[in-house]
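Examination of the molecular architecture
Letter by letter, the chains look like this.
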Amino acid sequence: MNEPNDFVDVLIIGAGLSGVGAACQLRRLCPERSLRVFESRAASGGTWDLFRYPGIRSDSDMYTFSYGFKPWLDDSAIADGDKIRAYIREAAAEFDVETHTRYLHKVVSANWSSSDKRWLVTAERSDTGERVSVSCRFVFNCSGYYDYDEGYTPEFDGTKDFSGQIIHAQQWPEELDYRGKRVVVIGSGATAITLVPTMAKDTASITMLQRSPTYIAHVPSEDPTARKLKKWLPKSWVFRLMRWKKVAFQLYIYRLSRKNPEMLRKFLLGLLRKELGPDYDIGTHFTPHYNPWDQRLCASRDGDLFAAIREGRAEVVTDHIDHFNEQGIALKSGAQLEADIVVMATGLNLKFAGGIAYSIDDKILDFKEHFIYRGMMFSDVPNMAFTVGYTNSSWTLKADLVSAYVCRLLNKMKSTGKDSATPRINGSLEEAPLLDFDAGYVVRSRSEMPKQGDRFPWKMYQNYIKDFISMRLGRLDKNEIELR
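These notes cover the structure that comes with them. (Residues numbered from 1 in each chain as written. Predicted model: local features only at pLDDT ≥ 70, side-chain atom pairs only at ≥ 80, totals over all residues. Heavy atoms only, no water.)

**Examining the packing of helix α1 (residues 17-29) against helix α4 (residues 81-94)**
Cut-off, in case you're wondering: Each axis is a line fitted through C-alpha atoms, taken for helices only over the stretch in contact, and angles between the N-to-C directions span 0 to 180 degrees. Helix and strand definitions follow DSSP, with helices as H or I runs of at least four residues and strands as E runs of at least two, each counted in order from the N terminus. Roughly parallel means an angle under 35 degrees; roughly antiparallel means over 145; roughly perpendicular covers 65 to 115; every other angle is labelled oblique. Note on convention: near helix rotated counterclockwise from far helix by under a right angle means a left-handed crossing. Clockwise means right-handed. The criterion used for residue contact is that any of the two residues' heavy atoms lie within 4.5 Å.
At a minimum axis separation of 9 Å, α1 and α4 run at an interaxial angle of 20°. The angle between α1 and α4 falls in the class roughly parallel. Remark: the crossing between α1 and α4 carries left-handed chirality. Where α1 abuts α4, its residues Leu17, Val20 and Cys24 lie against Ile88, Ala91 and Ala92.

**Considerations on the pattern of salt bridges**
We apply this condition: Any carboxyl oxygen of Asp or Glu within 4 Å of a side-chain nitrogen of Lys or Arg constitutes a salt bridge here. Each residue's exposure class comes from its accessible area (1.4 Å probe, protein chains only) as a fraction of the maximum for that residue type: buried when under 20%, exposed when over 50%, partly exposed otherwise.
Across all of its chains, the model carries 31 salt bridges by this definition. The salt bridge partner of aspartate 49 is arginine 89, with a shortest N-O separation of 3.1 Å. Within this pair, whereas aspartate 49 is found in helix α2 (residues 47-50), its partner arginine 89 is found in helix α4, the two being separated by 40 residues in sequence. Judged by relative accessible area, aspartate 49 falls into the buried class, the value being 10%. The salt bridge partner of glutamate 90 is lysine 70, with a shortest N-O separation of 2.6 Å. Here the residue glutamate 90 occupies a position in helix α4, and lysine 70 occupies one in the loop between α3 (62-65) and α4, the gap between them amounting to 20 residues.

**Focus on the sheet that holds strand β15 (residues 336-338)**
Here is the rule: When DSSP finds at least two bridges between two strands, those strands are taken to pair.
An order of β13-β14-β15 is seen for the 3 strands of this open sheet, with the pairing classed as antiparallel. With partners counted over all chains shown, the strands left at the sheet margins are β13 (321-324) and β15, one partner each. For this sheet, the mean angle separating the axes of adjacent strands, direction not counted, is 20°. In terms of strand pairing, strand β14 (residues 328-331) meets β15 through 3 bridges, oriented antiparallel. Its bridge partner being in β15, alanine 330 is matched across the sheet by glutamine 336.

**Looking at the layout of surface pockets**
Quick note on the threshold: Think of a 1 Å grid over the protein atoms and nothing else: a 1.4 Å probe that fits but is trapped marks a cavity, an open set flanked by protein within 12 Å on at least five of seven lines marks a pocket, and residues with an atom within 4 Å of a point count as lining. Grid points are joined across faces, edges and corners, and a volume is the space filled by probe spheres set on the points.
Put simply, the second largest pocket is a space of about 740 Å³. In terms of lining, the second largest pocket is formed by 30 residues, of which the most central are Ala217, Val219, Phe249, Ile253 and Leu297. Counting only elements with at least two residues in the lining of the second largest pocket, the list comes to β10 (216-219), α7 (235-259), α8 (261-276) and β11 (298-301). If you tally residues by element for the lining of the second largest pocket, the top one is α7, at 7 residues.

**A closer look at the side chain of serine 379**
Topologically, serine 379 is positioned in the loop between β20 (377-378) and β21 (384-386). Setting aside residues no more than four positions away along its own chain, serine 379 makes contact with His370, Phe371, Pro423, Ile425 and Trp458.

**Description of the packing of aromatic side chains**
As a reminder, the rule being used: Side-chain rings of Phe, Tyr and Trp, where Trp is taken by its six-membered ring, are said to pair if the distance between their centres is within 6.5 Å; with planes under 30 degrees apart they count as stacked, over 60 as edge-to-face, and otherwise as tilted.
Taken as a whole, this structure holds 21 aromatic pairs when the rule is applied. Between tryptophan 244 and phenylalanine 468, the ring centres sit 5.4 Å apart and the planes meet at 90°, which makes this aromatic pair edge-to-face. On the criterion of sequence distance, the pair formed by tryptophan 244 in helix α7 and phenylalanine 468 in helix α13 (residues 464-473) is long-range, its members being 224 residues apart. For tryptophan 244, a relative accessible area of 40% gives the class partly exposed.

**Here we look at the packing of α1 against helix α11 (residues 395-416)**
Packed helices, taken two at a time, are described by the angle between their axes plus the distance between the axes. Counted only if it meets this: Polarity classes work like this: nonpolar for Ala, Val, Leu, Ile, Met, Phe, Trp, Tyr, Cys and Pro, charged for Asp, Glu, Lys and Arg, and polar for all others, with Gly in that last group.
At a closest axis distance of 9 Å, the pairing of α1 and α11 adopts a crossing angle of 35°. Between α1 and α11 the crossing geometry is right-handed. Residues Leu17, Ser18, Gly21, Ala22, Gln25, Leu26 and Leu29 of α1 touch α11, and the partners they reach there are Trp395, Thr396, Ala399, Asp400, Ser403, Ala404, Cys407, Leu410 and Asn411. Looking at the contact of α1 with α11, its residues break down into 9 nonpolar, 6 polar and 1 charged.

**A few points about α13**
Residue pairs spaced three or four apart in an α-helix point in one direction, given the helix's 3.6 residues per turn. Condition: For this analysis, a polar contact is any N or O atom pair within 3.5 Å, provided that within protein one partner can donate a hydrogen and the other can accept it, and provided that sequence-adjacent residues contribute only side-chain to side-chain pairs.
Of the positions making up α13, those classed as buried are Tyr464, Asp467, Phe468, Ser470 and Met471. Two or three places before isoleucine 465, at the start of α13, stands the capping residue asparagine 463, its side-chain oxygen 3.2 Å from that residue's backbone nitrogen.

**Comments concerning unusual backbone geometry**
The omega torsion of the bond from phenylalanine 456 to proline 457 falls at 5°, within 30 degrees of zero and hence cis. The residue proline 457 is located in the loop between α12 (440-445) and α13 in this model. Even without being a glycine, aspartate 302 presents a positive backbone phi close to 55°. With a phi angle near 55°, arginine 374 is a residue other than glycine that sits in the positive phi range. With respect to the helices and strands, the residue arginine 374 is situated in the loop between β19 (372-373) and β20.

This is the structure:
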């Protein structure tokens, strides 16, 4: 282990979309602060380097999914994964983030010393097995919320009897050849909706097998408004205009889903009827049992999924799996799906705060016992922030706000000569669920999450405009964040 006197002002955990964005913000807004980034994998990009399944792309528009400080200038509003990965790395290069990044460093523990007012962070090098440590003033966890090592795979009877290949979309094998094969994709979320039309170009047959439907909307790969504006305005201006247009539209749709869900439901299903025709069984395959935005609304880029179904290159089956057998999957309805390859697009396993063992003065920190402050810090936990994006809008909108707020806080601490910033609950506070969202990966892990309060700043409002005003323009809270 190296000497713990290796010191930096800010340690960022993770070099994905959030981590690189946070590092860029620190370089922009706190250039005098020393910085280091620990990344457990061998490359930057996070999700966009890990996921390599066919057709991997954004599910949010790039005007809001990109960084606010670095305009998205590409014509694609829904971008492929390789473009997003290149964009993240371009931002890192512009702000010299690579110089401060240590790859193959998996953070395993972090202990806050109240006497030293510093964190001691320990990481394990996956290339050598060596443990290294660094002390820092502030820990900024940008490792996301899911387990990079393993996706969620339900247990099905008979999988060992299946003569074909079973893979999970999160661990896509590079050598997989699905040309001319019969493929079943299990799932109905964003991954399945991306995989099916992409693979359908080369498979003998492909079926999306779902237990229940998801709301899906046709989204153009290039925004028609942006295309018109680019004829008259610089691309950077178009980016700003489109970003706020998309923010307003996302908030409008979300508020409509809360106030008049039946109206939005009828609208979405009406669009599906136009896509798939009057004879298609939309009631069975595309009418969810929940209201819009109780789970995330999925995007079909240029309506590619609907085109694959109309043209007979793909089909959707809504049923429950009884068991696997040698030829494929036996369904509870009695039907059989023959397959050579089965793809599990069954979602994520949550790993809150990267699975790191945090402690304060050597006492283990249990995040479930703490309330979240502004959706980014924890009650009674000094000098630590983490990034979790919106559930009803683009992840990066919130990530940008969080990193800018951390920079404001660090600058405030420096200007006032303070060494620590600790959120403190002042007054009464009732507990509320952290995420009012019914996605499977959230429901499975609710009991492991921190607590949320019933009032500002201990409640996340899932509203970018409200957060923008309070986090970018509002004053730092004097009553509920203690500077010492």
